[in-house]
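These are the residues of each chain, in order.
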Amino acid sequence: LEVLVLLTKHENPLIIALACDAVANLTFGQQANQEKFGSGGIIEILVEILRKGPVACALKQSDNTEFISSPLYSVRANFDGATTEFDTDVAEAASCALANVLSLHVPNATKLTVSGGLEVLFHIVNSHFTVNLLDVDQTIEIQTNAANALANAAANLGVEGRSKLIAAVDASLIGSSLTSTDNGDNIAIKIPGQESPNSIALRNSSPMAAIVLLCASQLVQAKIAAALLIGNLACDDFVQTQLGNVGAIDALWLVATEIRSATQTTCALWAMSNLVWAHIKNQDRCTNLLEGILSMLKGESFFFYEHEDTYKQNDWYATRVCAVDLLANILHYHDVNRHYVEVIPGALGLLLGLTHPDHQTSMREAALRCIVSLSATDRGARRIIDTYDEKGISACLALITAASDTNSGGALSRLRRYGTTALANLCAFTEARLQIQTVGGLEILVSAAACEDKETRNSATLALEALQEKIGQPERIKPRIRPSAGRLGAKSLVGLLRATPNDQATFQVATKENNMAKHFAAEKLVDAQNSAHAARKMGAESLEEGSEWLEPGNLSDFVAEGGIEALLANLLQYSDIQTYPDILTVTLEALYNCVHAHGEDHDLRQRISNVRGVQLLVSIARNASITSPKILEIALKALIPIATGYAPVCRTLLAVSLDFLLDIAENDSEPATDMPAVSYEHRELANILLRELAPHNLILCTNCSTKNRGGLVCVFCGHSLRIDDNDKEHTSLSPKSKKQRPITSAKQSLAGKKSTV
């Protein structure tokens, strides 16, 4: 490699050309060789060769008096002895080697910028110079290589490097001799760095026009290079406008529809999609192309059968994906183009068909983007609701399928985001809400509302809120999962109750010293937490009175998936009555509905007791007795079915809440002085609980099973009375309980406290 670098400085042009060809071949798709050649200074050498050759020749041929003020003037002075002729083979080999060295290599692209190579390459693209008459295409080939090198550099440069790229465009304008058009238009190019709005009006000398002219070349590689360069340059808003003004849209469409190779068509469509992104004027220029783009989507366009001998489905599939991407960008926030597509026969059904799981993820995402744009208006949403694809699948079912796909495309897939967004748009209409209920979309939306992606959660939440509206039935539709969902639906509901924002990346950002980063992280964390709060509240609302989830089979699935524990965890998190009164209320109601529907289920009540749920409810009731009558009432109502007929819970209540319940029941003032929130209803609930606890207000002798009302020893046998509410022997009052576990000395310290109950 070191020898080749030295040979590129040889005096013999033939040796230089052959050495450049070797560099080009060795660096094609070989990152290790690119690294070594870049470290060896090959970038600077190749730029110097091109500066001495075609650039110096073009400058000698130029009579532009403004050239003396150009940054390239120093180049001309350095090569004052250069002739107007140069070896075109050397220039072609050097430009090809430069394009390959820069491909997908950021450090080499940076070296090109530092060495002034951007100005040299733009000048080659924007100039005419002496050519080899035996090879009339050599000028186009050199310009094609220069365009490829610029495209590779533009793809690797960041925002800062992109500004240098635009500056290089302006620097190459002065001294140019290219006649780009014959219509006499003046093209105004803004000079970067100037604070004044002044600009230089140049007649027929824009390098943008020169790049667009490459699209008219007879060489396929020239068309591809022009498309790649235009697509990368279009990432800058200013250049995007300039390219549109010089006819890049029409030129690329001619390249796309010529169909000489799949790569040519794909690159042209990709460049067009970059040109029209968020640019209303370029979107306007594509309105008359919509029917042609839709014909490409069908896979049966005119060009798919003109070259059947070279047709390859895999090659053309990428072309169709780029066509759908282009269509999505054309429709983005452009109502005229949306309406045009809506009225084209079969267009909506075609797009729905492209969302099926049998297509690749890239195709499905692009088609869903189109559906999202079209459904953003009431007019488009109505048309989509009534649309069926070629397989007879409705739009709602197709979108629900996309919203439920958690496997395709990996972690970066946006299928669920686009699917839920489109469903949220359609849910504004009664017909769509009925269809979503019919095909089982509620459980899918509930599951999506608990996912990690913020935009997916927001869209699913909006759709569920819309589903709560009346649809011509007497009862309001709540965002609950259908009973037929079984354990899968129960898992989704529990996941919704346990919705947790993914804050790992947020906390990593927040730990940095940058104050702006900390502020951004804090805002992101607040948004994620608010979405999680809304998801948990929505999950609790699914367990309202009369819900299908309270039926025996469905509740069993819910309990088996840890639903009771999830509700109690939310109660603990939202136990602050002043901060979360709404979420605390609906969660308490959900817990009450569960235990009230199956109050005799010992397993359910045992789960509550195991996680100290009884103590949590008593704590919430104590706090609510001062400020919140409603929460106090629901907490007391929830304790009644939990304690009824279940000794372990009753004994726990005796230990942690007897004084509290007596204070409520015995306070006859209206309202109570120590407990302002207590009313007559609360006293009645406290009396019910006390009557339930009365049979358990006894101490069971572990020796003879005699029930004692108090004291330290048994009145029948004189045995010491000891009690522990965590001991399994107290789960029953039967004589057999004394054989389950012997009393140990470790429990003696509790005897005095428990015997005073």
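Each value, and the rule that gives it
Residues numbered from 1 in each chain as written. Predicted model: local features only at pLDDT ≥ 70, side-chain atom pairs only at ≥ 80, totals over all residues. Heavy atoms only, no water. Helix = DSSP H or I, 4+ residues; strand = E, 2+ residues; numbered from the N terminus. Buried < 20%, exposed > 50% of the residue type's maximum accessible area, 1.4 Å probe, protein only. Polar contact = N/O pair within 3.5 Å; in protein donor to acceptor, adjacent residues only side chain to side chain. Contact = heavy atoms within 4.5 Å. Axes fitted to C-alpha atoms, helices over the stretch in contact; angles between N-to-C directions. Parallel < 35°, antiparallel > 145°, perpendicular 65-115°, else oblique. Nonpolar A, V, L, I, M, F, W, Y, C, P; charged D, E, K, R; others polar. Core = buried A, V, L, I, M, F, W, Y, C linked by side-chain atoms within 4.5 Å. Phe/Tyr/Trp six-rings, centres within 6.5 Å; stacked < 30°, edge-to-face > 60°. Lys NZ or Arg CZ within 6 Å of the ring centre and 35° of its normal. Salt bridge = Lys/Arg side-chain N within 4 Å of Asp/Glu carboxyl O. Expected span 1.5 Å × (residues − 1). pLDDT = per-residue confidence, 0-100.

Draft legend 1. View of the side chain of Asn282. Its location among the elements puts Asn282 in helix H16 (residues 280-285). You can call Asn282 buried: its relative accessible area is 0%. Looking at Asn282, its side chain comes within polar contact range of the main-chain oxygen of Leu275, at 2.8 Å. Filtering out sequence-adjacent residues up to four positions away, Asn282 remains in contact with Gln240, Gly244, Ile249, Leu275 and Val276.

Draft legend 2. Representation of unusual backbone geometry. Even without being glycine, Tyr333 reaches a positive phi, approximately 55 degrees. On the secondary structure map, Tyr333 appears in the loop between helix H18 (313-331) and helix H19 (335-343). Using a relative accessible area of 67% as the deciding quantity, one classes Tyr333 as exposed. For Arg612, which is not a glycine, the phi torsion comes out positive at approximately 60 degrees. When you line up the elements, Arg612 lands in the loop between helix H34 (602-610) and helix H35 (613-627).

Draft legend 3. A look at the side chain of Asn33. As for its position among the elements, Asn33 is in helix H3 (residues 31-39). The exposure class of Asn33 is buried, given its relative accessible area of 18%. What Asn33 contacts, discounting residues up to four positions off in sequence, is Leu1, Leu26 and Thr27.

Draft legend 4. Representation of the packing of helix H6 (residues 88-102) against helix H7 (residues 106-114). Orientation of H6 relative to H7, taken along the N-to-C sense of each, is 130 degrees, at an axis distance of 8 Å. Comparing the axis directions of H6 and H7 gives the class oblique. Note on element contacts: H7 touches H6 through Asn108, Ala109 and Leu112, opposite Leu98, Val101 and Leu102. Classifying every residue of the contact of H6 with H7 gives five nonpolar, one polar and no charged.

Draft legend 5. Spatial organisation of the environment of Gly117. Summarising the element assignment, Gly117 is placed in helix H8 (residues 117-125). Accessibility expressed as a relative area gives 1% for Gly117, which makes it buried. Distance in space between the C-alpha atoms of Gly117 and Ala149 is 9.7 Å, their sequence separation being 32 residues. Apart from residues lying up to four places away in sequence, Gly117 is in contact with Val47 and Leu112.

Draft legend 6. Inspection of the nonpolar core at higher detail. Counting 142 residues, the largest nonpolar core has Leu98, Leu112, Leu243, Leu252, Leu297 and Leu327 as its most contacted members. Ranked by residue count, the leading element in this core is H18, at ten residues. Once you skip the residues sitting within four places of it in the chain, Leu252 turns out to touch Cys215, Ala227, Ile230, Ala268, Ala271, Met272 and Leu275. Of all hydrophobic cores here, the second largest spans 58 residues; its members include Ala540, Leu550, Val649 and Leu653.

Draft legend 7. Spatial organisation of the packing of aromatic side chains. Applying the stated criterion across every chain yields a total of one aromatic pair. Judged by centre distance (4.8 Å) and plane angle (75 degrees), the rings of Tyr574 and Tyr580 are edge-to-face. The ring centre of Tyr333 lies 5.9 Å from the NZ or CZ of Arg338, which sits over that ring. Over the ring of Tyr592 we find Lys637, and its NZ or CZ is 5.0 Å from the ring centre.

Draft legend 8. Layout of the pattern of salt bridges. Tallied over the entire structure, the rule returns twelve salt bridges. Among the ionic pairs, Asp358 bridges to Lys391, the shortest N-O distance being 3.3 Å. With Asp358 in the loop between helix H20 (347-353) and helix H21 (361-374) and Lys391 in the loop between helix H22 (378-385) and helix H23 (395-403), this pair connects stretches of sequence that are 33 residues apart. Side by side, Asp358 and Lys391 carry an identical accessibility label, which is exposed. In this structure, Asp453 and Arg417 form a salt bridge, with 2.8 Å as the shortest nitrogen-oxygen distance. Here Asp453 is found in the loop between helix H26 (441-448) and helix H27 (454-467), whereas its partner Arg417 is found in helix H24 (residues 415-426), with 36 residues between them in sequence. Using a relative accessible area of 28% as the deciding quantity, one classes Asp453 as partly exposed. Taking relative accessible area as the criterion, Arg417 reaches 17% and is therefore assigned buried. Through salt bridges that share partners, Asp335, Glu342, Arg379 and Arg383 make up one connected network.

Draft legend 9. View of helix H33 (residues 581-597). An ideal rise of 1.5 Å per residue puts 24 Å on 17 residues; H33 measures up with 24 Å between its terminal C-alpha atoms. In terms of burial, H33 is a largely internal element, twelve of the 17 residues being buried. Along H33, the positions that sit buried rather than exposed are Ile583, Leu584, Thr585, Val586, Thr587, Leu588, Ala590, Leu591, Tyr592, Asn593, Cys594 and Val595.

Draft legend 10. Fine view of the environment of Asn288. Considering the arrangement of structural elements, one finds Asn288 in the loop between H16 and helix H17 (290-297). Measuring from C-alpha to C-alpha, the distance between Asn288 and Asn337 comes to 9.3 Å, with 49 residues separating the pair along the chain.

Draft legend 11. Main features of helix H9 (residues 138-156). Helix length check: H9 (19 residues) gives 27 Å between terminal C-alpha atoms against 27 Å at 1.5 Å per residue, within 8%. Extensive coverage of H9 is indicated by the burial of 15 of its 19 residues.

Draft legend 12. Structural view of the confidence of the model for the chain. Taken over all residues, the pLDDT of the chain has a mean of 75, while the share at 70 or more is 72%. Residue range residues 63-84 is modelled with pLDDT below 50. Its contacts to residues more than four positions away, or to other chains, number 30 contacts. Across residues 301-312, where pLDDT falls below 50, the model places 15 contacts with residues more than four positions away in sequence or in other chains.

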